[in-house]
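Observations on chain architecture
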Amino acid sequence: MAERTRHGRWSTAETEVLARTLLRAPSVHNIQPWLLEFEHDRLLLTERRDLPLPEHDPPGRDRLMSCGAALANLELAIRVLGYEARTVTFPDPDRPELVATIEAGERSLPSAEDLHRYAAIERRRSYRKRFSGRPVSPQRIGDLTATAAAAGVQARPIRDELELSRVADLLEFAAEAFQHDHGYQRELAMWTVHDEMSLRHGAGIAVTALPPGSLPWAGLVRAGTALPDREVLKRRLADETLLVFLTLDDTRHDHLRAGHALQSTWLDAVDGGLVGSILTQPLHLPEVRSALCEDLELAGFPQALMRFGYPSGAVPSSPRRAVDEVLGRGF
């Protein structure tokens, strides 16, 4: 009989699975802004507000989307462990940091889709390199947009030449703004891990995961990032599959939902042999976000841009916190 912890139905092995699945979720600057707490048979996912990014993410939108991605992983792990996952988001108005409670319901066999997505969790990386050049088929793009739609979020492809030109203009504008923002550059440097060989556990972006290069492949704009001219950038975007993720409103519920959809879509992409990375940086400039809506006639609020393609090589993963760092009270 499996050893039980004081978490009710969860065995020690199951608790380990839940924690490690949580740790593999993507997060802004890899800060991993969450805690997993146990309350009887419920899991409580809490947003860590002590990990702010005042220069990159003043309102905490990316941090909450990160929690949405973590929630997608947790629900997936519960289903793979053989239970229904019953989730209530933002259940307590007096605890705004409590993102969701998840209760394990009746015993249930995981679906083939769940198993495929779960297997992709370990293989998912933020791929900031150039893609191989092999085109992604329209059918595959349609499958990815359908995954996002199932999570209540629109993933709209950007393929039209005029739209790509406008996106190139906006990315160039944002890149120049962030490149000359000294506060932003200091914050980004603070969350960059240079001694990753000696750092077994931790947070931040591994420097080896940031290959030298220019937009859009590097993803994050640094002081030394080479910014291509508009035409070069447009050609590069045309060689990639670019989706903009939209929500109908711009509330905390929408940010959480967007992160959930991003992760589900990303896992489906990885299961199909694709790699990807998320760009939210430009959307933190109000003029860029509003211009994107106007120029692309978007029916909603853009929360993230995501690039997909086939890999041209392997990329290392960034470090992760130790398990006991993400397990809160009740562990």
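Residues numbered from 1 in each chain as written. Predicted model: local features only at pLDDT ≥ 70, side-chain atom pairs only at ≥ 80, totals over all residues. Heavy atoms only, no water.

1. Things to note about the packing of helix α2 (residues 61-80) against helix α3 (residues 112-121)
- Where α2 contacts α3, the axes come no closer than 10 Å and their chain directions differ by 125°. In terms of orientation, α2 and α3 fall into the oblique class. Taken as a pair, α2 and α3 cross one another with a handedness that is left-handed. Touching Asn-73, Leu-76, Ala-77, Arg-79 and Val-80 of α2 are Asp-114, Leu-115, Arg-117, Tyr-118 and Ile-121, all from α3.
- A breakdown of the residues in the contact of α2 with α3 according to their chemical character gives 6 nonpolar, 1 polar and 3 charged. (Axes fitted to C-alpha atoms, helices over the stretch in contact; angles between N-to-C directions. Helix = DSSP H or I, 4+ residues; strand = E, 2+ residues; numbered from the N terminus. Parallel < 35°, antiparallel > 145°, perpendicular 65-115°, else oblique. Left-handed = near helix turned anticlockwise from the far one by under 90°. Contact = heavy atoms within 4.5 Å. Nonpolar A, V, L, I, M, F, W, Y, C, P; charged D, E, K, R; others polar.)

2. Focus: the nonpolar core
- Counting residues in hydrophobic clusters, the biggest one holds 31 residues, and the most contacted among them are Ile-158, Val-167, Leu-237, Val-244, Leu-292, Leu-298 and Leu-305.
- Mapped by element, the contributors of at least two residues to this core are α5 (161-179), α6 (182-190), α7 (230-238), β8 (241-247) and α9 (286-295).
- In terms of residues, this core owes the most to one element, α5, which gives 8 residues.
- If sequence neighbours within four positions are ignored, Leu-305 has contacts with Ile-158, Leu-171, Leu-242, Leu-243, Val-244, Ser-277, Ile-278, Leu-279 and Leu-283.
- By size, the runner-up hydrophobic cluster in this structure holds 29 residues, among which are Leu-23, Leu-36, Phe-38 and Val-323. (Core = buried A, V, L, I, M, F, W, Y, C linked by side-chain atoms within 4.5 Å. Buried < 20%, exposed > 50% of the residue type's maximum accessible area, 1.4 Å probe, protein only.)

3. Some thoughts on empty space enclosed by the protein
- Counted according to the given criterion, the structure contains 4 cavities of 30 Å³ or more.
- Taken as a whole, the largest cavity holds about 580 Å³ of empty space.
- Surrounding the largest cavity, 32 residues form its lining, Ser-27, Val-28, His-29, Ser-126 and Arg-128 being those nearest its centre.
- Those elements giving two or more residues to the lining of the largest cavity turn out to be α2, α8 (252-271) and β9 (275-279).
- As a volume, the second largest cavity reaches approximately 60 Å³.
- Every residue lining the second largest cavity is listed: Leu-171, Ala-174, Ala-175, Phe-178, Leu-215, Gly-219, Val-221, Leu-279, Gln-281 and Pro-282.
- Looking at which element gives the most residues to the lining of the second largest cavity, the answer is α5, with 4 residues. (1 Å grid on protein atoms, 1.4 Å probe; cavity = no way out; pocket = protein on both sides within 12 Å on 5 of 7 lines; lining within 4 Å. Points joined across faces, edges and corners; volume = space filled by probe spheres on them.)

4. Looking at the packing of aromatic side chains
- Tallying each qualifying case throughout the model produces 3 aromatic pairs.
- Taking the centre distance of 5.5 Å and the plane angle of 75° together, the rings of Trp-10 and Tyr-83 count as edge-to-face. Separated by 73 residues along the polypeptide, Trp-10 in the segment before α1 (12-23) and Tyr-83 in strand β3 (residues 83-89) bring together distant segments of the chain. Side by side, Trp-10 and Tyr-83 carry an identical accessibility label, which is buried.
- When the centroid spacing of 5.7 Å and the interplanar angle of 15° are considered together, the rings of Tyr-127 and Phe-131 count as stacked.
- The ring of Tyr-310 has Arg-134 sitting right over it, with the charged end atom 3.8 Å from the ring centre. (Phe/Tyr/Trp six-rings, centres within 6.5 Å; stacked < 30°, edge-to-face > 60°. Lys NZ or Arg CZ within 6 Å of the ring centre and 35° of its normal.)

5. Thoughts on the pairing of β9
- With 4 of its 5 residues buried, β9 lies for the most part within the structure.
- Pairing of β9 with strand β10 (residues 301-309), which is carried by 5 bridges, proceeds in the antiparallel orientation. Counterpart to Ser-277 in the pairing with β10 is Arg-307. (Pairing = 2+ DSSP bridges.)

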